[in-house]
Amino acid sequence: TAVVYTSARRQGQEFTTDRARLAAAVDRFVPRGGPPAPTPFAAERTAAGGVPLGSGNATCPGAGARPVIQAMQNAANVLREWPGLRKTLVFISPFTVELRPDAIETAEDIRGYGAVLAAMQEANLSVYQYDPRGLEVGVSLADDLMMFSDATGGRTTRMTNAPWDDVPQMFRENSSYYLLGFQPTDSRRDGRFRSIEVRVNRPGLTVRTRNGYYARVEERAERGSRGAVPSVLDAAIVGGLP
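Below is a short write-up of the structure. As the structure is a prediction and not an experimental result, all values here were calculated from the model. (Residues numbered from 1 in each chain as written. Predicted model: local features only at pLDDT ≥ 70, side-chain atom pairs only at ≥ 80, totals over all residues. Heavy atoms only, no water.)

## Here's the deal with a nonpolar patch on the surface
This is how the line gets drawn: For patch building, the residue pool is restricted to those with more than 30% relative accessible area and no salt bridge; the joining distance is 9 Å between like charges and 5 Å between nonpolar side chains (Val, Leu, Ile, Met, Phe, Trp, Tyr). What sets the accessible areas is the Shrake-Rupley method with a 1.4 Å probe; for residues, cover comes only from the shown protein chains. We define a salt bridge as a side-chain nitrogen of Lys or Arg found within 4 Å of a carboxyl oxygen belonging to Asp or Glu. Helix and strand assignments follow DSSP, with helices taken as H or I runs no shorter than four residues and strands as E runs no shorter than two, numbered in order from the N terminus.
A cluster of nonpolar side chains, Phe15, Val78 and Trp82, forms an exposed patch at the surface whose accessible area comes to about 330 Å². Positionally, phenylalanine 15 belongs in the segment before α1 (19-27).

Take a look at the structure:
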């Protein structure tokens, strides 16, 4: 596990199996724009004997999204180097994006949100977002669109004062899953979003998948290259197995 901050990045921790180092990195968390404060949920976590999983900067909705996008893309780029196996990004923040993946059309959004979602897709990375604000009065669950978790097959936990209750389910989902492959009927390499819907005919099941993917962008062939280029499906099958 690694702990990454969207600001004060030196406070984080590179990949390690040392839980003490990870806990120390989490305890260095300081809300941006305010005085030093204990790690969120520190008292409850200590009382329950739990082990911290990670932290993030509490970026308010509507604030500049660039640090969040950059941190997510950096994480996806690193994890993309390990093909196969599902990876998890635990995103602890009230940050929200009022934008659907299929509505990313402007050049600025494509360079920002589109690029990071495409990187997560290639890294087989799922985002699980935990909103630390807890219960709020006068707020609807439908007020915010949790784009990152919806687009990557993760889930969002919010409007609860015990977000850690959903952590065991996150581990279950990432310990047992199916890998499905298909040949798209739309072969255009235009970089646009393609929606995906997976249905099952067994009652009582909940299917959690990515809601789509970004088509590849047409690239110019390099001079001097020889041999057949593997298809997108072939590359996905080869890279998706441990």
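## Some points on the nonpolar core
What counts is decided by this rule: Throughout, nonpolar core names a set of buried Ala, Val, Leu, Ile, Met, Phe, Trp, Tyr and Cys residues whose side chains join them through atoms within 4.5 Å. Partly exposed describes any residue whose relative accessible area lies between the buried limit of under 20% and the exposed limit of over 50%, with all areas from a 1.4 Å probe on protein chains only and scaled to the type maximum.
Core analysis: the largest hydrophobic core is formed by 26 residues, its most contacted members being Phe95, Tyr113, Leu117, Met120 and Phe148. Contributions of two or more residues to this core are made by α3 (66-79), β1 (87-92), α4 (107-123), β2 (125-130) and α5 (147-152). Listed in part, the six residues of the second largest apolar core include Val3, Leu22, Ala25 and Val26.

## Let's talk about the pairing of β2
Where we set the bar: At least two bridges found by DSSP between two strands is the condition for calling them paired.
Taking burial as the measure, the six residues of β2 include six buried ones, the bulk of the element. Across six bridges, the pairing between β1 and β2 is parallel. In the sheet register, threonine 88 faces β2, and the bridge partner there is serine 126. Pairing geometry for β2 and strand β3 (residues 156-157), over two bridges, is parallel. Residue pairing for β3: tyrosine 130 is matched across the bridge by threonine 157.

## Quick look at unusual backbone geometry
For alanine 8, which is not glycine, the phi dihedral falls at a positive 50°. On the secondary structure map, alanine 8 appears in the segment before α1. Of note, the phi angle at asparagine 124 is positive, near 55°, even though the residue is not glycine. Within the secondary structure, asparagine 124 sits in the loop between α4 and β2.

Function-wise, these values are silent; they only describe arrangement.
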